Amino acid sequence: MVMMLKKTVKKGLIGGMSFAKDAGKINWFPGHMAAATRAIRNRLKLSDLVIEVRDARIPLSSANEDLQSQMSAKRRIIALNKKDLANPNVLNKWTRHFESSKQDCIAINAHSRSSVMKLLDLVELKLKEVIAREPTLLVMVVGVPNVGKSALINSVHQIAAARFPVQERLKRATVGPLPGVTQDIAGFKIAHRPSIYVLDSPGVLVPSIPDIETGLKLALSGSVKDSVVGEERIAQYFLAILNIRGTPLHWKYLVEGRNEGPHADCIDKPSYNLKDLRHQRTKQPDSSALHYVGDMISEVQRSLYITLSEFDGDTEDENDLECLIEQQFEVLQKALKIPHKASEARLMVSKKFLTLFRTGRLGPFILDDVPETETDHPNSRRVVVS
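Residues numbered from 1 in each chain as written. Predicted model: local features only at pLDDT ≥ 70, side-chain atom pairs only at ≥ 80, totals over all residues. Heavy atoms only, no water.

Describing the side chain of Thr-95
Now for step 1: Along the chain, Thr-95 falls in helix H4 (residues 88-100).
Now for step 2: Here Thr-95 falls in the buried class, since its relative accessible area comes to 13%.
Now for step 3: The residues contacting Thr-95, other than those within four sequence positions of it, are Leu-80, Cys-105 and Ala-107. (Helix = DSSP H or I, 4+ residues; strand = E, 2+ residues; numbered from the N terminus. Buried < 20%, exposed > 50% of the residue type's maximum accessible area, 1.4 Å probe, protein only. Contact = heavy atoms within 4.5 Å.)

Written as structure tokens, this is what we have:
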């Protein structure tokens, strides 16, 4: 299955073209990233502990390889954020994998107070021996774009305000759904006696990502701007994963339990934007919006189940898989209620479909390879989607 996916990616089925003019490499390295990388390296030398935030759905692909050697020499905690979007059973295997390598690792949800408190407890434990002899401690938070570093910083601030006698008014880090929101390094004092500073940093990637599949995973999870890879190409990649894994076949219950009443499809429902379902601090979607989107999600899953279950081709055949994905784009357009004659309909389908994945509406996923210690075949590599 994995070899089939790799062949599909290399062939160029995903978008029908190479990623960039230099054939295969994803290049997204804005000017601020080069300066930020240098600054991060300098700050890492002074840090007493590093919290490396990674996306729980891609625990390996979301690591910045250029900084690994420097971070591995420090006290480090790998925080697998967005655990609410990841398959919990596979995620547990990942944490055990890191721990077996004597690397502290914890799965977190940066928006959950209890989850962040567990991370802070681990930070205190790791700094216990240093606290006794150092009046000032520096904790640095690093990671690739859009893994939730700033959201974590804000949660730490809220908890620190209640737990420690903070002398200075706490500032909030800017949080946004797009990669590259934080563009400089800012320090925040969260406690004193001893003084503990947490440094937030902008998400930085390596200058280029030579492995296409890694780049697609980063793009699918939102760490690379959609415009760099292309929404349609990312959506095609996700559909390829779903079909090769057979994930839509698990949605059979949606067909068997569907209400086939004569007026089921005749209800006049208002239109809502899926972007409204992203994490927001002040505005919450009303109940009618939630019901409407819930119906839309079920229709998306039902449509993908039907197309795959009725597919008489071979998903391991590149041409057959391409035909299936084209068919699924058509049914998704209807399921997502995109006007038939709308210009750029495929782009609209791709954007909405990706939003459903990124907000966890299609279920929990793990895109990265299962650690070799968890597989039956040491030389095999698997993509896990469930």
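Observations regarding the nonpolar core
Now for step 1: Judged by nonpolar contacts, the single largest core of 73 residues is most densely connected at Ile-51, Leu-152, Val-300 and Phe-353.
Now for step 2: Top element by residues in this core is helix H9 (residues 231-245). It accounts for nine residues.
Now for step 3: When residues of this core are sorted by domain, at least three fall in each of domain 1 (1-25 + 209-258 + 292-371) and domain 2 (29-200).
Now for step 4: Not counting residues within four places of it along the chain, the set of residues in contact with Val-300 comprises Leu-332, Ala-335, Leu-336, Phe-353, Leu-356 and Leu-362. (Core = buried A, V, L, I, M, F, W, Y, C linked by side-chain atoms within 4.5 Å. Domains from an automatic or database assignment.)

Some details on unusual backbone geometry
Now for step 1: Phi at Lys-82 takes a positive value of approximately 70 degrees, unusual for a residue other than glycine.
Now for step 2: Mapped onto the secondary structure, Lys-82 falls in the loop between strand E2 (76-81) and H4.

Re the environment of Val-370
Now for step 1: Take Val-370: it is sitting in the segment after helix H13 (345-358).
Now for step 2: A C-alpha to C-alpha distance of 7.6 Å links Val-370 and Val-90, two positions 280 residues apart in sequence.

Things to note about empty space enclosed by the protein
Now for step 1: Counted by the stated rule, this structure contains three cavities of 30 Å³ or more.
Now for step 2: Of the voids in this model, the largest cavity is the one considered here, and its volume is about 140 Å³.
Now for step 3: In this structure, the largest cavity is lined by 15 residues; those nearest its centre are Leu-120, Val-123, Ile-190, Ile-196 and Val-198.
Now for step 4: Breaking the lining of the largest cavity down by element, the ones donating at least two residues are helix H5 (113-131), strand E4 (136-142), helix H6 (149-163) and strand E6 (195-200). (1 Å grid on protein atoms, 1.4 Å probe; cavity = no way out; pocket = protein on both sides within 12 Å on 5 of 7 lines; lining within 4 Å. Points joined across faces, edges and corners; volume = space filled by probe spheres on them.)

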